[in-house]
Amino acid sequence: MEKLVIKDNSYHFIKDFKHDEVLRKSFNSMTETHFGFSLEDWYQSGYWGDYYVPYALIDGKEVVSNVSINRLEFVINGQAKLGIQIGTVMTDEAYRKRGLNKYLLLRVLEDWKGQADFIYLFANDSVLDFYPKFGFESLEEYQYSRSVNSDSTSAFRKLNIENNDDLALLKETVNQSVPVSKISVRDHASMILFYGMSFMKESIYLLEELKTIVFADQEGDTLVLHEVFCKRGVDLNEVIQKISSSNINQVKLGFTPLDISGLEKSLITGEDQLFMLQDQSNFFKENQWMFPIMSHA
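Read on for an overview of the structure.

Parameters at a glance
Per chain, the residues get numbers from 1 upward, laid out in the order the sequence is written. Totals for whole chains, interfaces and linings use all residues, but because this is a predicted model, local features are given only for residues with pLDDT of at least 70 and pairs of side-chain atoms are given and counted only at 80 or more. Computation of side-chain values covers all heavy atoms of the structure but excludes hydrogens and water. At least two DSSP bridges between two strands are needed for those strands to be called paired. Secondary structure elements follow DSSP: runs of H or I of four or more residues count as helices, runs of E of two or more count as strands, with numbering from the N terminus. In this description, a line fitted to the C-alpha atoms serves as the axis of each element, helices being fitted only across the stretch in contact, and the angle between N-to-C directions of two axes falls anywhere from 0 to 180 degrees. Distance and chemistry together define a polar contact, namely a pair of N or O atoms within 3.5 Å, with one atom able to donate a hydrogen and the other to accept it when in protein, and with adjacent residues in sequence counting only for side-chain atoms on both sides. Note on contacts: a residue pair is in contact if any heavy atoms of the two residues lie within 4.5 Å. By nonpolar core we mean a set of buried residues, namely Ala, Val, Leu, Ile, Met, Phe, Trp, Tyr and Cys, connected to one another through side-chain atoms within 4.5 Å. Burial classification: accessible surface area is computed with a 1.4 Å probe over protein chains only, and a residue below 20% of its type maximum counts as buried, one above 50% as exposed, and the rest as partly exposed. It is the directions from the helix axis to the C-beta atoms whose arc is reported. Pairing of aromatic rings covers Phe, Tyr and the six-membered ring of Trp, with a centre-to-centre limit of 6.5 Å; geometry is then stacked below 30 degrees between planes, edge-to-face above 60, and tilted otherwise. Two thresholds decide whether a charge sits over a ring: the Lys NZ or Arg CZ must be within 6 Å of the ring centre and within 35 degrees of the ring normal.

A look at the sheet that holds strand β11 (residues 204-207)
Here is step 1 of the chain: The sheet built from seven strands is open, its strands ordered β9-β11-β12-β13-β14-β8-β15 with mixed pairing. Two strands in the sheet have a free side with no partner beyond their single neighbour: β9 (156-158) and β15 (264-267). Ignoring strand direction, the axes of neighbouring strands in this sheet form an average angle of 35 degrees.
Here is step 2 of the chain: Relative to β11, β9 is paired through three bridges, and the arrangement is antiparallel. The residue of β11 that forms the bridge with K158 is Y205.

Right under this line is the structure:
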């Protein structure tokens, strides 16, 4: 750990401390307080890889401020790009307004600016004035949807991630999946499993006829199709028809599909705002896309 002083207060700086049980416990306590989740099960299952790295300030044996990075390998319109997503930004209430997140964010930019194709993050409306101070600009995202009138009788079943066979099938399908969106992430099974073990545990379905796994939730008469995983190319319209029950009138996509013909497009509002470093954002600014929901860290 590196000892330092910020505004007359002493701290220790450390990053990538996932194997330190004491610090990991303190970190998880903060994530539960700020965001309502813990990474402990994810860690214990062996899915917390080296690509997710917390940068933290320590007071005594407690994490008091944190900024994490998630290193993601993307395929964007057929081109490989390395993205660094900033997330899990939090400071203990007793340590706020001391410049701790500012210090950590600058450390992240020092490490990764020039090492990645783009650096980005999602921020809620309470901090929209904070990130432009570091060279980030806000960008618009667009979601795609379509109306649906399904009379499908295709069999699909819910996957139980606590069942070893279902878990193995999910991992194998995600690892071997072909891109279905204009922005897709490579080698990210561990992130998908984070969602599968927590927020979306009840949202995983196997379309047996298509040999396709989807993450989806129903909200009233709308189906939110978060993500689609298949080893071979699949017709998205067929997936939508197969997963939509008779009481579904609309499907919203959690990603920008490869083929957007026949789909409606709408500006995303009221969600976390996308920010990207200004000198790296042209590839996204020129298009009306969204980052996949399940790539958010």
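Structure's up, so let's keep going.
With respect to the side chain of S65
Here is step 1 of the chain: Its place among the elements puts S65 in strand β4 (residues 62-76).
Here is step 2 of the chain: Polar side-chain contacts of S65 include one of 2.9 Å to the side chain of N101.
Here is step 3 of the chain: Apart from residues lying up to four places away in sequence, S65 is in contact with M30, Y55, A56, L57, M90, T91, L100, N101 and L104.

Points about the nonpolar core
Here is step 1 of the chain: One finds F74, Y120, F284 and F291 to be the most contacted residues of the largest nonpolar core, which totals 50 residues.
Here is step 2 of the chain: No other element matches helix α5 (residues 189-197), which puts six residues into this core.
Here is step 3 of the chain: With residues near it in sequence (within four places) discarded, F284 still touches L139, E140, E141, I183, L274, M276, W289, M290 and F291.
Here is step 4 of the chain: Counting 28 residues, the second-largest nonpolar core is a separate cluster that includes Y55, I86, L105 and L277.

Quick word on helix α6 (residues 236-243)
Helical geometry note: an α-helix holds 3.6 residues per turn, so side chains three or four residues apart project in the same direction.
Here is step 1 of the chain: Turning to α6, its buried residues are L236, V239, I240, K242 and I243. For α6, the arc enclosing every buried residue in end-on projection is 165 degrees, short of the 170-degree limit, so these residues lie on one face.
Here is step 2 of the chain: Looking at the packing, one finds that the buried side of α6 touches β8 (142-147), β9, β11, β12 (212-219), β13 (222-230) and β14 (250-253).
Here is step 3 of the chain: For α6, the side-chain oxygen to backbone nitrogen distance between the N-cap and N237 is 2.9 Å, and the N-cap itself is D235.

With respect to the environment of D50
Here is step 1 of the chain: Structurally, D50 is set in the loop between α2 (40-44) and β3 (52-59).
Here is step 2 of the chain: Considering only alpha carbons, one finds D50 and N70, 20 residues apart in sequence, at a separation of 9.0 Å.
Here is step 3 of the chain: For D50, the contacting residues outside a window of four places in its chain are K18 and R71.
Here is step 4 of the chain: A distance of 3.0 Å separates the side chain of D50 from the side chain of K18, its partner in a polar contact.

Side note on the side chain of S244
Here is step 1 of the chain: Among the structural elements, S244 can be located in the loop between α6 and β14.
Here is step 2 of the chain: Among the polar contacts made by the side chain of S244, one reaches the main-chain carbonyl oxygen of I240 at a distance of 2.6 Å.

Notes on the packing of aromatic side chains
Here is step 1 of the chain: In the structure shown here, the tally under the stated rule is 34 aromatic pairs.
Here is step 2 of the chain: Look at F27 and W48: their rings are 6.0 Å apart centre to centre, the planes differ by 45 degrees, and that puts the pair in the tilted class. In this pair, F27 sits in helix α1 (residues 21-35) while W48 sits in the loop between α2 and β3, placing the two residues 21 residues apart along the sequence.
Here is step 3 of the chain: Judged by relative accessible area, which is 5%, W48 ranks as buried.
Here is step 4 of the chain: With centroids separated by 5.8 Å and ring planes inclined at 70 degrees, the aromatic side chains of F194 and Y195 adopt a geometry described as edge-to-face. The pair formed by F194 and Y195 is uniform in burial state, with each residue classed as buried.
Here is step 5 of the chain: An aromatic cluster of at least three residues, connected via ring pairs, comprises F17, F27, F35, F37, W42, Y43, W48, Y51, Y52, F194, Y195 and F199.
Here is step 6 of the chain: Here the basic side chain of R24 rests over the ring of Y43, its NZ or CZ set 3.9 Å away from the ring centre.

All quantities given are derived from atomic positions and should not be read as evidence of function.
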